[in-house]
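The chain contents come next:
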Amino acid sequence: MAVRIIYYGGTREKNKDGSSRRVGINDNSAFKFAALNIKANYQKFNDSIILKKITTAREIVTFLHSQSNSSIASLDILSHGSPLSLNFSLKSYEACGFYSSWIGKKAIESYYSDDDGDFTFTHQAQSVSDIPWSRFKDNARIQLHGCLTASDWFRSPNGKKLFPTLVDNIVQQMSDELDSAGKKSAIVIGHTTRGNPLINGSATTLLQQDYRHGERKIYNNGDLVLTTKEKGYLPNELLKQKIKGWAP
Amino acid sequence: MSKRIWLLLITLISILILLISAFYLGPYLRTLTDQESISLNGTAVTYDCASGNCIGFKVSPSSTNVYVSEYLDRLIIPYSEDHDRDSLENNWAHLLNTPDRILCLKGYMHQYSVDTFRIIQAGYGGFRFKLLEHSEGPC
């Protein structure tokens, strides 16, 4: 049986003094509600669904290693993100998420460093090349629900371009890795804008929270194959119509 | 001296100036604050930071403080010498669930943005604000 894995969270939930960090708890709660909506969409497949809270990128990589070859049908990660990283953190100024490449890691370390501290990736952080891509099915679907993961620009909250990534964004990098692993029909989906859970605007209820709206880009074999503003789950039938020559 | 040596010399001096700016001049300029404290109306926003999402403020118009017009829409990043960043954010987290909730912030504005003389931009930019007092509602 194929497996569908949904990871949510990653935002720091503890303050320096050990007390609860409300901003982090609120963010992770929104990620959880959105993860439950993804899970509901996947119920129609006859696959095993695993929902897990994010701790570190290393834990994710270890868990993916424990799966059989060509068994993972989909992987969804709901967390904060940037064009070159997935941002998980347990301590202030310490990242334990994924980065796109060595250059991406250095750029992100500089981007998040400020006069209050130097931002660094800990040994719990991982490069996307550390993910065991052989565990994914040939037609696997990866979706990153965080901000800007498929953007070629760092952007301000209002969408204004700040500066270009100069290297492949993290979604494209993952698609390259899948291509190298021989997963020729696999696709990777990410946002080009700042994601938010308000899929129905200000009328969105807690249970309706979902990041699958706004502009998303889809990559296959390292190439951009579709840019879409369709809301919600993107069925294969729809993608087949829109992506020339792609067959899941 | 040949043209090539001049070119090399100019390149080396330019790199030296850039390095001095990035490592010494930038950090110094970024610590400079205005001489006088000001009171601002701020609307809570989140911005991209080392912690994922941090709470900053956009300067809102004020009927009493007309001089803040130059700061309108500026992202300000408050900090306090008495409270760490985490405890400030814990106090402000509820503001994010209430759009357009105004906070009155009193303190010293830094003269240069957090990006001044940095090689790579820091997050979304903005200006640090040395916080003396804050209270809910407009100033």
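All values derive from a computational prediction rather than experimental measurement.

**A look at the overall build of chain A**
Of regular secondary structure, chain A possesses five helices and 16 strands. Over its C-alpha atoms chain A spans a radius of gyration of 17 Å, differing by no more than 12% from the 18 Å that the globule rule assigns to 248 residues. Across its three principal directions, the C-alpha atoms of chain A cover 50 × 40 × 40 Å. A separation of at least 24 residues holds for 67% of the contacts in chain A among residues at least 6 apart in sequence.

**Focus: the overall build of chain B**
Helix and strand counts for chain B come out as two helices and five strands. In chain B, the succession of helices and strands from N to C terminus is α-β-β-β-α-β-β. Against the 2.2 N^0.38 benchmark of 14 Å for 139 residues, chain B shows a C-alpha radius of gyration of 19 Å, more extended than a compact globule. Projected onto its principal axes, the C-alpha positions of chain B cover 65 × 35 × 25 Å.

**Considerations on helix H1 (residues 22-42) of chain A**
For H1 of chain A, which comprises 21 residues, the first-to-last C-alpha distance of 30 Å matches the rise-based estimate of 30 Å (1.5 Å per residue) to within 8%. Along H1 of chain A, the positions that sit buried rather than exposed are Val 23, Gly 24, Asp 27, Asn 28, Phe 31, Ala 34, Ala 35 and Ile 38 of chain A. Take H1 of chain A and look down its axis: the buried residues cluster within an arc of 125 degrees, on one side only. In the core, the buried residues of H1 of chain A are packed alongside strand E1 (3-9), strand E2 (48-54) and strand E3 (72-78) of chain A together with strand E2 (52-60) and helix H2 (85-92) of chain B.

**Re the pairing of E2 of chain B**
Residue and element names in this part refer to chain B. Inspection of the sheet shows strand E1 (residues 38-49) paired to E2 by nine bridges, in the antiparallel sense. Among the inter-strand pairings, Gly 42 is bridged to a residue of E2, identified as Val 59. The turn joining E1 and E2, which pair antiparallel and follow one another in sequence, is formed by two residues. Here E2 runs beside strand E3 (residues 75-79); their pairing, made up of two bridges, is antiparallel.

**Brief notes about the interface of chain A and chain B**
In this assembly, 26 residues from chain A lie in contact with 23 residues from chain B. The set of elements that each furnish at least two residues to the side of chain A that touches chain B consists of H1, helix H3 (102-112) and strand E13 (161-164) of chain A. Looking at the side of chain A that touches chain B residue by residue, the classes come out as nine nonpolar, 10 polar and seven charged.

**Side note on the sheet that holds strand E9 (residues 120-121) of chain A**
Residue and element names in this part refer to chain A. Read from one edge of the open sheet, three strands run E6-E7-E9, paired in mixed fashion. A strand with exactly one partner marks an edge of an open sheet, and here the two such strands are strand E6 (89-91) and E9. Looking at chain direction, strand E7 (residues 94-95) and E9 are connected through two bridges and run parallel. Directly across from Ala 95, in E9, lies its bridge partner Phe 121.

**Focus: the sheet that holds strand E5 (residues 85-87) of chain A**
Residue and element names in this part refer to chain A. Taking strand neighbours across the sheet as the criterion, the four strands line up as E4-E5-E8-E10 in an open arrangement whose pairing is mixed. Sheet topology places strand E4 (80-82) and strand E10 (126-127) at the edges, where each strand pairs with a single neighbour. Of the pairings in the sheet, the one linking E5 to strand E8 (residues 98-99) comprises two bridges and is antiparallel in character. Pairing of Leu 86 across the sheet is with Phe 98, part of E8.

**Focus on helix H4 (residues 170-180) of chain A**
Residue and element names in this part refer to chain A. Here H4 lies mainly inside the structure; nine of its 11 residues are buried. Inspection of H4 places Ile 170, Val 171, Gln 172, Gln 173, Met 174, Ser 175, Asp 176, Glu 177 and Leu 178 among the buried residues, and these make up the whole buried set. Residues of H4 that are buried in the fold lie against E5, strand E11 (136-144), strand E14 (187-191) and strand E15 (216-220). Where H4 terminates, the next one or two residues include Gly 182, which has phi positive at roughly 85 degrees.

**Considerations on unusual backbone geometry**
Residues and elements named next belong to chain A. With a phi angle near 60 degrees, Leu 148 is a residue other than glycine that sits in the positive phi range. In this structure, Leu 148 sits in the loop between E11 and strand E12 (153-155). Positive phi is not limited to glycine here, since Asn 221 has a value of about 50 degrees. With respect to the helices and strands, Asn 221 occurs in the loop between E15 and strand E16 (223-228).

**What about the pairing of E13 of chain A?**
All names here are of chain A. By the bridge criterion, three bridges tie E12 to E13 in an arrangement that is antiparallel. Within the sheet, the bridge partner assigned to Arg 155 lies in E13 and is Lys 161. The antiparallel hairpin formed by E12 and E13 contains five residues in its connecting segment, where Gly 159 sits at a positive phi of about 95 degrees.

**Here we look at the environment of Ser 29 of chain A**
Examined against the element boundaries, Ser 29 of chain A turns out to sit in helix H1. C-alpha of Ser 29 of chain A to C-alpha of Leu 206 of chain A: the two residues are 177 residues apart in sequence and 9.2 Å apart in space.

**Here's the deal with the confidence of the model for chain B**
All names here are of chain B. Taken as a whole, chain B shows an average pLDDT of 86; of its residues, 94% reach a score of 70 or greater. Looking at the elements of chain B, mean pLDDT is at its lowest for E2, recorded as 85, and at its highest for strand E5 (residues 127-136), recorded as 93. For this predicted complex, the interface confidence comes out at an ipTM of 0.80, alongside a pTM of 0.91.

**Comments concerning the environment of Ile 55 of chain B**
Mapped onto the fold, Ile 55 of chain B is located in strand E2. On the basis of neighbour count, Ile 55 of chain B is assigned to the buried category, with 23 C-beta atoms found within 10 Å. In contact with Ile 55 of chain B, not counting residues within four places along its chain, are Val 23 of chain A together with Ala 44, Thr 46, Glu 89, Trp 92 and Leu 96 of chain B.

Reading the values: the criteria
- Residues numbered from 1 in each chain as written.
- Chains lettered and ligands numbered in written order.
- Predicted model: local features only at pLDDT ≥ 70, side-chain atom pairs only at ≥ 80, totals over all residues.
- Helix = DSSP H or I, 4+ residues; strand = E, 2+ residues; numbered from the N terminus.
- Rg over C-alpha atoms; globule rule 2.2 N^0.38 Å.
- Contact = placed C-beta atoms within 7 Å.
- Expected span 1.5 Å × (residues − 1).
- Buried ≥ 20, exposed ≤ 12 C-beta atoms within 10 Å, placed from the backbone.
- Arc of directions from axis to C-beta.
- Pairing = 2+ DSSP bridges.
- Nonpolar A, V, L, I, M, F, W, Y, C, P; charged D, E, K, R; others polar.
- pLDDT = per-residue confidence, 0-100.

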